[in-house]
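Per-entry structural report
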Amino acid sequence: MEALKGKVALITGGTKGIGYGVAEALLNKGVKVVITSRHQDSAESAAQELAAKTNKLDAIIGVEADVRRLDSQEVAVRQAVSKFGKLDIVIANAGLGHFASIEDLTTEQWNDTIDTNLTGVFNSIKASVQELKKSKGYYITISSLAGANFFASGSAYNASKFGVTGFTQAVMLDLRQYGIKVSTIMPGSVSTHFNGNTPSDEQAWKIQIEDIGELVIDLLKMNPRTLPSKIEVRPTTPPSKG
């Protein structure tokens, strides 16, 4: 997939944060992009903003889709194929976090985290696998360093991201026989609005969303004989605690 111009990508949760950064990077390389959100107005607004920023007015659309529902993801895939004729790349990015001690974590918070972060990743590939088989495409999930490193008050988030990491590696083994490449990216601290954070100049030490976009481009352009199936990325130099 070295030549990216004219490829078609579907990015779940692409209206802000990592998904937004990846969408912008892909548009700048000539990829046609579909971004999703649970709300149509948010999807359309982000798509219009990205189209203006990249001067790719006819290369991006925003669609309403809920990764927690397979039928919703299937509709998003059909919309992508209907608009752009095919599907080459799926980025399973949509995610959220609820953080609390197991004594305080609610059943609703647990289900919301697992349904979005883990079942959503399953739904994304399940809905798109036939199109990716046709294109010999690429499926990329966004896990986290929390998918390999546990921490207090992280039971739901850790469980979801450990699951994403393992799920993606197993899917890689399932799908490589069809020429589909599968990778998971495991970022550390990223400057986004995740979990109520507000990006600021003081967070310049963190990974930036454009850095993840650049990494996705590197993966897509890599010689097809080589597959980085699991990539950990972290800030080079965290701030001193002194």
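Residues numbered from 1 in each chain as written. Predicted model: local features only at pLDDT ≥ 70, side-chain atom pairs only at ≥ 80, totals over all residues. Heavy atoms only, no water.

1. Some words on the packing of aromatic side chains
- Taken as a whole and judged by the stated rule, the model has three aromatic pairs.
- Each ring, one from F122 and one from F167, has its centre 6.3 Å from the other, and the planes form 70°; the classification is edge-to-face. Here F122, found in helix α4 (residues 107-135), pairs with F167, found in helix α5 (residues 155-175); they are 45 residues apart in sequence, far enough to count as distant.
- Site record: aromatic cluster; members linked through ring pairs are F99, F151 and Y157.
- Positioned above the aromatic ring of Y178 is the side chain of K133, whose terminal nitrogen or guanidinium carbon lies 4.2 Å from the ring centre. (Phe/Tyr/Trp six-rings, centres within 6.5 Å; stacked < 30°, edge-to-face > 60°. Helix = DSSP H or I, 4+ residues; strand = E, 2+ residues; numbered from the N terminus. Lys NZ or Arg CZ within 6 Å of the ring centre and 35° of its normal.)

2. Structural notes on the environment of T12
- Take T12: it is sitting in the loop between β1 (8-11) and α1 (17-28).
- Assessed through its relative accessible area of 1%, T12 is described here as buried.
- Along the chain, T12 and T141 lie 129 residues apart, while their C-alpha atoms are 9.9 Å from each other.
- Aside from chain neighbours lying at most four places away, what touches T12 is T36, V67, Q73, I91, A92, N93, A94 and S124.
- A distance of 2.9 Å separates the side chain of T12 from the backbone nitrogen of N93, its partner in a polar contact. (Buried < 20%, exposed > 50% of the residue type's maximum accessible area, 1.4 Å probe, protein only. Contact = heavy atoms within 4.5 Å. Polar contact = N/O pair within 3.5 Å; in protein donor to acceptor, adjacent residues only side chain to side chain.)

3. What to know about the sheet that holds strand β2 (residues 32-37)
- Pairing within the open sheet is parallel, and its seven strands lie in the order β3-β2-β1-β4-β5-β6-β7. One side of each edge strand has no neighbouring strand; the edge strands of this open sheet are β3 (60-64) and β7 (230-233). Taken pair by pair, the neighbouring strands of this sheet meet at an average axis angle of 15°, ignoring direction.
- Note: β1 against β2, four bridges, orientation parallel. Bridge pairing in β2 links V8 to K32.
- Most of the contacts of α1 go to β1, to which it runs at about 170°, and overall it touches β1, β2, β3, β4 (89-92), β5 (138-142) and β6 (181-187).
- This element, helix α2 (residues 40-54), spans β2 and β3 of the sheet and lies at about 170° to β3. (Pairing = 2+ DSSP bridges. Axes fitted to C-alpha atoms, helices over the stretch in contact; angles between N-to-C directions.)

4. Regarding unusual backbone geometry
- Despite not being glycine, K136 shows a phi value in the positive range, around 50°.
- Assignment of secondary structure puts K136 in the loop between α4 and β5.
- Although it is not a glycine, S153 sits at a positive phi angle of roughly 70°.
- Structurally, the position occupied by S153 is in the loop between β5 and α5.
- By relative accessible area, which is 34% here, S153 ends up partly exposed.

5. A closer look at the nonpolar core
- Ranked by size, the top nonpolar core spans 36 residues in total, and within it L26, V33, I35, I140 and I185 carry the most contacts.
- Counting only elements with at least two residues in this core, the list comes to β1, α1, β2, α2, β4, β5, α6 (209-221) and β7.
- Those residues in contact with V33 that sit more than four places away from it in its chain are A9, I11, A23, L26, L27, A59, I60, I61 and F84.
- Counting 24 residues, the second-largest nonpolar core is a separate cluster that includes V8, V164, L175 and V182. (Core = buried A, V, L, I, M, F, W, Y, C linked by side-chain atoms within 4.5 Å.)

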